[in-house]
Amino acid sequence: MAAAPTPLESVEAAAEGARRALGAAFAAVSVWERERGRLRVLVNAGELAPGEERFPGDESYPVHAFPEIAGVLQEEGAGGSPRAWVETADAPGQEAHRRRAAGLRRRGRGCCVVAPIVLHGRAWGELYVARPVGAPVFGRADAEFATVLAAVTASGIAQTERLEEVRRLAFTDPLTGLANRRAVDARLDEAVERHQLDGVVVSLVVCDLNGLKQVNDTLGHAVGDRLLERFASVLSLCGAMLPGALAARLGGDEFCLLTVGPEADEVVRVAGELCRRAGELELGEGVACGVASTGDPIGPVGSARRLFRLADAAQYRAKGARSAEPVVAGREGGRGRPDPVVRMADRPPAPTAGPGGAVERRRFRGRGGSG
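Residues numbered from 1 in each chain as written. Predicted model: local features only at pLDDT ≥ 70, side-chain atom pairs only at ≥ 80, totals over all residues. Heavy atoms only, no water.

### Focus on the sheet that holds strand E1 (residues 26-33)
(1) Moving on: With antiparallel pairing, 6 strands are arranged side by side in an open sheet as E3-E2-E1-E6-E5-E4. The two strands at the open ends of the sheet, each matched to only one other strand, are strand E3 (60-62) and strand E4 (85-88). Direction aside, the axes of adjacent strands within the sheet are offset by 25° on average.
(2) Moving on: Relative to strand E2 (residues 38-46), E1 runs antiparallel, the two sharing 8 bridges. Looking at E2, one finds that Ala28 is bridged to Asn44.
(3) Moving on: Sitting on the sheet, helix H1 (residues 7-21) is in contact with E1, E2 and strand E6 (122-132), with an inclination near 60° to E2. (Pairing = 2+ DSSP bridges. Helix = DSSP H or I, 4+ residues; strand = E, 2+ residues; numbered from the N terminus. Axes fitted to C-alpha atoms, helices over the stretch in contact; angles between N-to-C directions. Contact = heavy atoms within 4.5 Å.)

Listed below in structure tokens is the structure:
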């Protein structure tokens, strides 16, 4: 790995090395894309099954479909190192195990060992090594060895990761690992252009994490940061339920999901699930959530700025009402009455003074012009 000139060639060397070391026919390395809540395969090495590519363009799997991986993510920061585990093609049990077993059978493989790759104390991805049907099944010693190989892989990745540092700093939130506001702006501009060209549905979910200030004031900012990280994981897992969704931290206690393609009703359903899961976190007071989608009656959306204002207004209304469910722009009018969220977005309220005379921080983004 150390001799590999690029990050991709580095993980390719890791996959080949793990395959040989474990006497396997196939190995793959996948990265966890937090902003999309999915494992994306970087390289497949060894004997490829029909349809597999050595460097796949977009072979990915939603994290929420695999409870073992989701468990690794949810235990981040709790201490200890995640261990590898073995799956077989005839595994009974829960749906997730049956799904992995079915995947093994479909590709003519009898067993696999899966080892989480942890980098800088955070789950980075997984090392997956498989043997064909008829070969000896991996045992406990193999799983322990795979855990060591994953640690070696993490060290190699760390050496080449610096090549990508500038790009990550430009488009990634350093605390949560989600996309940042710059990434959202770029993606949303492209999405609105597509909407104007072919009518694709573009939806934006804007969230405000309730109770963060109280957590910071009473328990300290380190605990507040942990709350932000835990909610970011929840947001990423929910975002994975929507194909191609981008999960991002806009700044402070504000987050968002951006989707291109899924219908508005499906986005609202996932936003409701997000609210439910956020309410179950051991810290904070849940989340205020607003949704704006071009699939709803919100009027023409000619700019990213307008969609942001609509989602922001919906979130503002949800926060004011302390709603446990998302507020959706375009759905609160009815019977010929104007929707209050759309009206609020088009005519943002003037700033108000908060405690101690401070001006309320909330502003609707891009005030002025209907976009």
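### Examining the side chain of Asn180
(1) Moving on: Within the secondary structure layout, Asn180 lies in the loop between helix H5 (165-171) and helix H6 (181-198).
(2) Moving on: Judged by its relative accessible area of 14%, Asn180 falls in the buried class.
(3) Moving on: There is a polar contact of 3.1 Å between the side chain of Asn180 and the backbone oxygen of Ala170.
(4) Moving on: Within the local environment of Asn180, its side chain forms a polar contact with the backbone nitrogen of Arg182, the two atoms lying 3.2 Å apart.
(5) Moving on: Those residues in contact with Asn180 that sit more than four places away from it in its chain are Leu169, Ala170, Phe171, Thr172, Asp173, Ala248 and Arg249. (Buried < 20%, exposed > 50% of the residue type's maximum accessible area, 1.4 Å probe, protein only. Polar contact = N/O pair within 3.5 Å; in protein donor to acceptor, adjacent residues only side chain to side chain.)

### Things to note about the pairing of strand E7 (residues 202-209)
(1) Moving on: Counting buried positions along E7 gives 8 out of 8 residues, so the element sits mostly inside the fold.
(2) Moving on: Side chains of E7 alternate between two faces, with Val202, Leu204, Val206 and Asp208 and Ser203, Val205, Cys207 and Leu209 buried alike.
(3) Moving on: Pairing of E7 with strand E10 (residues 287-293) involves 7 bridges; the strand directions are antiparallel. Paired with Leu204 across the bridge in E10 is Ala292.

### Quick look at helix H9 (residues 264-279)
(1) Moving on: The end-to-end C-alpha separation of H9 is 23 Å, in line with the 22 Å expected for 16 residues at 1.5 Å each.
(2) Moving on: Within the span of H9, buried status applies to Ala264, Val267, Val268, Val270, Ala271, Gly272, Glu273, Leu274, Cys275 and Ala278.
(3) Moving on: On its buried face, H9 is in contact with E7, helix H8 (221-239), strand E9 (254-260), E10 and strand E11 (327-328). (Expected span 1.5 Å × (residues − 1).)

### Observations regarding unusual backbone geometry
(1) Moving on: A positive phi angle, close to 55°, is found at His120, a residue other than glycine.
(2) Moving on: Topologically, His120 is positioned in the loop between strand E5 (109-119) and E6.
(3) Moving on: By relative accessible area, which is 67% here, His120 ends up exposed.

### Regarding the pattern of salt bridges
(1) Moving on: If you walk through the whole model with that rule in mind, you get 23 salt bridges.
(2) Moving on: Between Arg276 and Glu273 there is a salt bridge, with the nearest N and O atoms lying 2.6 Å from each other. Residue Arg276 and its partner Glu273 are both found in helix H9; the two are separated by 3 residues, about one turn of the helix.
(3) Moving on: For Glu273, a relative accessible area of 18% corresponds to the buried category.
(4) Moving on: Ionic contacts of the salt-bridge type, sharing partners, join the residues Glu12, Glu16, Arg19, Arg20 and Arg54 into one network. (Salt bridge = Lys/Arg side-chain N within 4 Å of Asp/Glu carboxyl O.)

### With respect to the pairing of strand E8 (residues 246-251)
(1) Moving on: In terms of burial, E8 is a largely internal element, 5 of the 6 residues being buried.
(2) Moving on: Both E8 and E9 contribute to a ladder of 5 bridges, which runs antiparallel. In the sheet register, Leu246 faces E9, and the bridge partner there is Leu258.

### Remarks on the packing of H8 against H9
(1) Moving on: Direction vectors running N to C along H8 and H9 enclose 155°, while the axes themselves pass 10 Å from each other. As judged from the angle between their axes, H8 and H9 are roughly antiparallel. As H8 packs across H9, the resulting crossing turns out to be right-handed. Here H8 contributes Phe231, Val234, Leu235, Leu237 and Cys238 to the contact with H9, which in turn contributes Val270, Glu273, Leu274, Arg277 and Ala278.
(2) Moving on: Across the contact of H8 with H9, the residue classes tally to 8 nonpolar, no polar and 2 charged. (Parallel < 35°, antiparallel > 145°, perpendicular 65-115°, else oblique. Left-handed = near helix turned anticlockwise from the far one by under 90°. Nonpolar A, V, L, I, M, F, W, Y, C, P; charged D, E, K, R; others polar.)

### Brief notes about the sheet that holds E8
(1) Moving on: Overall, mixed pairing links the 5 strands, which are arranged E8-E9-E7-E10-E11 in an open sheet. One side of each edge strand has no neighbouring strand; the edge strands of this open sheet are E8 and E11.
(2) Moving on: Against the sheet, H9 engages E7, E9, E10 and E11, with an angle of about 175° to E10.

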